[in-house]
Amino acid sequence: SINLIDKEPFRRQELAERAFQFRKKLTDHKINIGDAEAHVVPVFVKTPQRAVQIAASLVRDGFFVPAIRPPSVPTDSSLLRVSLSYIHTQDTIDSLSNSIIKYVCM
């Protein structure tokens, strides 16, 4: 892994660009991602039940996005933790963002 970082910096650059586009698409739809600036993106939802419900819907769509609930986060918040990686294609990321938008905005 360390050697790849030195030999193939384009991987980090491409992941950073894909993550930027993902975050922008979510925020363009008024989805709360806090101040995320990396490839791990929190999607804040109002209740633990809603986080679990959306995570289950995403699994049905083929995406593993864990629901993070109290006590892992403060009692007044819950979120979905999206972890993007270089192996996620732009098409996959687009499909994921569309699914998140569909479930969070309903």
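Residues numbered from 1 in each chain as written. Predicted model: local features only at pLDDT ≥ 70, side-chain atom pairs only at ≥ 80, totals over all residues. Heavy atoms only, no water.

Evaluated as defined, the whole model comprises 4 salt bridges. Linking Glu14 and Arg18 is a salt bridge whose minimum nitrogen-to-oxygen distance equals 3.2 Å. Of the two residues, Glu14 and Arg18 are both situated in helix 2 (residues 10-28); the distance of 4 residues between them amounts to about one turn of the helix. For Lys102, the salt bridge is made with Asp61, and the minimal N-O distance between the two is 4.0 Å. Of the two residues, Lys102 sits in helix 4 (residues 90-104) while Asp61 sits in the loop between helix 3 (48-60) and strand 2 (67-68), which places them 41 residues apart along the sequence. (Salt bridge = Lys/Arg side-chain N within 4 Å of Asp/Glu carboxyl O. Helix = DSSP H or I, 4+ residues; strand = E, 2+ residues; numbered from the N terminus.)

Attention now moves to the environment of Phe10. Tracing the chain through its elements places Phe10 in helix 2. The partly exposed category is assigned to Phe10, whose relative accessible area is 34%. On a C-alpha basis, the gap between Phe10 and Gln53 in space is 36 Å, while along the polypeptide they are 43 residues apart. (Buried < 20%, exposed > 50% of the residue type's maximum accessible area, 1.4 Å probe, protein only.)

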